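Chains, contacts and geometry: an overview
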Amino acid sequence: MDYSAPYKQRGNLAEQGVKFLKKRVEYTMCTQGVHERLWNYCLCYEADIHNRIWNPQTGRTGWESVFGNTPDISEYLDFDFFSWVWFWEPGNKRASLGRWMGINC
């Protein structure tokens, strides 16, 4: 069994994926003005986006490779992460203003 060297992201494919997601989260949080304590929501959002992006090496998305069907990306086209949105809670007739944090979070 081979082990990768500690603190070397080049040696392990999983570490390269983590590095990519970290960069995306940092970029999104900086450009959208998201507070630091919401990093976990941003990570979920970026991971969901990354799983639905077409990979030229496989000719499929990550979602498609695992589940076998084409993912529905229409949910991600309406809002960016941390966008202002109006929402209605059940039983409340007035809309409230809030921030969109992603689909699954």
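Before reading on, note that the structure itself is shown above.
A brief report on the enclosed structure follows. (Residues numbered from 1 in each chain as written. Predicted model: local features only at pLDDT ≥ 70, side-chain atom pairs only at ≥ 80, totals over all residues. Heavy atoms only, no water.)

Attention now moves to the side chain of Thr-28. Examined against the element boundaries, Thr-28 turns out to sit in helix H1 (residues 13-32). A distance of 2.5 Å separates polar atoms of two side chains, one belonging to Thr-28 and the other to Glu-46. Leaving out residues up to four positions away in the same chain, Thr-28 has contacts with Val-34, Cys-42, Glu-46 and Phe-81. (Helix = DSSP H or I, 4+ residues; strand = E, 2+ residues; numbered from the N terminus. Polar contact = N/O pair within 3.5 Å; in protein donor to acceptor, adjacent residues only side chain to side chain. Contact = heavy atoms within 4.5 Å.)

Turning our attention to the packing of H1 against helix H2 (residues 39-51). Between H1 and H2, whose axes approach to 9 Å, the crossing angle comes to 120°. In terms of orientation, H1 and H2 fall into the oblique class. Handedness of the H1/H2 crossing: right-handed. Between H1, through Phe-20, Leu-21, Arg-24, Val-25, Thr-28 and Met-29, and H2, the contact on the second element is made entirely by Trp-39, Cys-42, Leu-43, Glu-46, Ala-47 and His-50. When the residues that make up the contact of H1 with H2 are grouped by side-chain class, the tally is 8 nonpolar, 2 polar and 2 charged. (Axes fitted to C-alpha atoms, helices over the stretch in contact; angles between N-to-C directions. Parallel < 35°, antiparallel > 145°, perpendicular 65-115°, else oblique. Left-handed = near helix turned anticlockwise from the far one by under 90°. Nonpolar A, V, L, I, M, F, W, Y, C, P; charged D, E, K, R; others polar.)

For Thr-61, the position within the fold is in strand E2 (residues 60-61). Excluding anything up to four places from it in sequence, Thr-61 contacts Asn-51, Arg-52, Ile-53, Trp-54 and Pro-71.

So, about the packing of aromatic side chains. One pass over the full model with this rule turns up 6 aromatic pairs. Aromatic pair Trp-63 and Phe-67: ring centres 4.4 Å apart, planes at 45°, arrangement tilted. Highlighted residues: Trp-63 and Phe-67, both in helix H3 (residues 62-67), separated by 4 residues, approximately one helical turn. Look at Phe-67 and you get exposed, because its relative accessible area is 53%. A centroid spacing of 5.9 Å and a plane angle of 35° characterise the contact between Phe-79 and Trp-100, whose relative ring orientation is tilted. Of this pair, Phe-79 sits in the loop between helix H4 (74-77) and strand E3 (84-87) while Trp-100 is found in the segment after strand E4 (96-99), placing the two residues 21 residues apart along the sequence. Judged by relative accessible area, Phe-79 falls into the partly exposed class, the value being 33%. By way of ring pairs, the aromatic residues Tyr-45, Tyr-76, Phe-79, Phe-81, Phe-82 and Trp-100 are connected into one cluster. Here the guanidinium or amino end of Arg-99 rests over the ring plane of Trp-84, the centre of that ring lying 3.7 Å away. (Phe/Tyr/Trp six-rings, centres within 6.5 Å; stacked < 30°, edge-to-face > 60°. Buried < 20%, exposed > 50% of the residue type's maximum accessible area, 1.4 Å probe, protein only. Lys NZ or Arg CZ within 6 Å of the ring centre and 35° of its normal.)

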